[in-house]
Each structure stands twice: as C-alpha cells, then as structure tokens.
Amino acid sequence: MTMEVEAKFLVPDEETLERLCETGSLAGYAVSPGVERHDADTFLDTPDRRLLSAGFYFRRRETDGGVRLTLKQLVAPTDSLLRREEIEALVAADVPVVEWPDGELRSRVGQLTGGEPLEPMLTLAQVRVARVVRKGRREVAELSLDRVTASAADGDRGWLECEVEARGRGGDDDVAALAAALRDEWGLVPEGRAKFTRALELAGDEEDGVLMSAAERPIHEAQAAA
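A brief structural summary. For every chain, the first residue of the written sequence is number 1, and numbering continues from 1 along that sequence. In keeping with the model being predicted, local features are shown solely for residues with a pLDDT of at least 70 and side-chain atom pairs are shown and tallied solely at 80 or more, while totals for entire chains, interfaces and linings include all residues. With hydrogens and water stripped out, all remaining heavy atoms of the structure feed into the side-chain values.

### Some thoughts on the environment of G24
We apply this condition: Here a strand is any run of E in DSSP of at least two residues, a helix any run of H or I of at least four, and the numbering for each starts at the N terminus. Note on classification: 1.4 Å probe, protein chains only; a residue is buried when its accessible area is under 20% of the maximum for its type, exposed when over 50%, partly exposed between these limits. Every residue pair with non-hydrogen atoms within 4.5 Å of one another is taken to be in contact.
Checked against the element boundaries, G24 lands in the loop between α1 (14-22) and β2 (25-26). Looking at G24, the relative accessible area reads 47%, which means it is partly exposed. Along the sequence, G24 and V133 sit 109 residues apart, while their C-alpha atoms lie 9.6 Å from each other. G24 has contacts with Y29, A30, V31 and R131, leaving out every residue within four places of it along the chain.

### Some thoughts on the packing of aromatic side chains
Counted only if it meets this: A pair of aromatic rings is counted whenever rings of Phe, Tyr or Trp (Trp by its six-membered ring) have centres within 6.5 Å, and the orientation is called stacked for planes under 30 degrees apart, edge-to-face for over 60 and tilted otherwise.
Within the structure shown, the criterion is met by four aromatic pairs. Where F43 meets Y57, the ring centres are 5.7 Å apart and the plane angle is 55°; that geometry is what we call tilted. One end of the pair, F43, is in strand β4 (residues 35-45); the other, Y57, is in strand β5 (residues 56-63), with 14 residues separating them in the sequence. Accessibility expressed as a relative area gives 3% for F43, which makes it buried. When its relative accessible area of 5% is taken as the criterion, Y57 is described as buried. Ring centres of F43 and F196 lie 5.1 Å apart, and the angle between their planes is 45°; on these two criteria the pair is classed as tilted.

### As for the environment of E104
Along the polypeptide, E104 turns up in helix α3 (residues 104-113). Each C-alpha atom, one on E104 and one on E88, is 8.6 Å from the other, the two residues being 16 residues apart in sequence.

### Looking at the pairing of strand β6 (residues 66-73)
What counts here: What makes two strands pair is DSSP finding at least two bridges between them.
The buried fraction of β6 is high, at six of eight residues. Examined bridge by bridge, β6 and strand β7 (residues 82-91) share six bridges and lie antiparallel to one another. Residue pairing across strands places L71 opposite I87, the latter belonging to β7.

### Considerations on helix α4 (residues 172-184)
The condition is simple: The span you would expect from a helix comes to 1.5 Å times its residue count less one. In this description, the arc belongs to the directions extending from the helix axis to the C-beta atoms.
Relative to the 18 Å expected for 13 residues at 1.5 Å per residue, α4 spans 18 Å between its end C-alpha atoms, a close match to the ideal helical length. When we look at burial in α4, the residues that qualify are D174, V175, L178, A179, A181 and L182. All buried residues of α4 lie within an arc of 160° about the axis, which places them on one face of the element. For α4, the exposed residues lying more than 90 degrees away from the buried face are D173 and D184.

### Considerations on α3
When we look at burial in α3, the residues that qualify are L105, V109, L112 and T113. With its buried residues spanning 90° around the axis, α3 presents them on a single face. Facing away from the buried side of α3 by more than 90 degrees, the exposed set consists of S107 and Q111. Immediately downstream of α3, the backbone of G114 shows phi near 65°, a positive value.

Listed below in structure tokens is the structure:
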C-alpha cells in the first residue's frame, strides 16, 4: 500500500493545456519534456456496489506492459491536496480475482467484496502527457496533462484536467508549491473529485440512490461546501 499525494485541476481550454505541455518551469521547478500515452480504464465493482459503499473504487488500466489494477480510496481534499490510500498490482492479462498474484491487492479486494465477482460499471479513455518535475537533480513530482473521455449510455463526455503528484523524493511541500502556481499563476480551478467520481456524475448514475453510498455522500457534501 502507498499513500498517493496529489493536486488536481480543471483546465479550461486546449490552448491552456498546450501551454502547460510546453512550459519548461513551474514554481521554480524544472519540468521535463512530456511523453504522451493512451490509457483505457475500466472501473469495476460488485453488482451491489460493495467497493463504492466501503469508500473505494477499483480501476483496470490497459498498458503496454500488461494490465495494471488499482484500488483507491474516495476521499475529500485537505488543504487542496488529495491524500489517499492506493494499492496496485500488474498482471499479464485480464483474469479473475482468484487468479491475481498473492498480495495486498488481492487480499484487500477480496475482503471488501466478500468474494463477489466484479463487473464493469464505467469506462474512461484518456490521452496523457506525463512530465517529470525536478528541483535540481531531485525528482519530486509528475505533472500530468489529460484529455479525458467518459463513456455513458447517452453518449461520450470529455474534459481537460491537470494533476501534479508527488514522486521520487518529493512530498507534500513540493506538491503544495506546484499546486499554488497552477492556481495563482495559471488561474486553474482546483478539482477535488476523482475522474471516476466526475464520470459517475456526468452519467447521472448517482441519482439512482445506489451509487451514492453512505461513505461517498459526505465526501461529495464536503466538496460542495468547499
């Protein structure tokens, strides 16, 4: 298990996203040229949404090296930073939970779901430009510029997003400084919701009273109040 520390922002238009893809510095930190990749994400849960009810979501991401499985907490930001539990594993192919490698992810998902099978509930596609952020020779963060598309029954919806996440020897102070520059110098609006949560809202699925769980509702209310 790791603790993910990141700040997320909405990007208003393509022009701003392109400038973020090209800038060589941010808040006094050096930003490397970006590498573009295409991610295809499927979010899964049990038919009765046990993971969501426990305050988690589960993502299956297709990558060049295989299938990356990630379990993340649904949390509200604190001081504009998201700090959440994250457990990952890489598998060679798309296989059932019982065929995952032994480890923390398999154990935790099994515990939260009670062994119930997982089914797809939402799909996302994104084109990401990932840029390494350094202070001197020290790698401190990754700046990600995303073009996101969520697929729902009534069509596709897209938005632009920017994330800065602690990496290497970086910590809260580095992410906070970078986030302040994105907010104050670039005029970006903080986004406390995970892509998963935003996609659910765009799809209107939270209105059925099932997907808005007891664990998730206070998170949404805290974000609304902020």
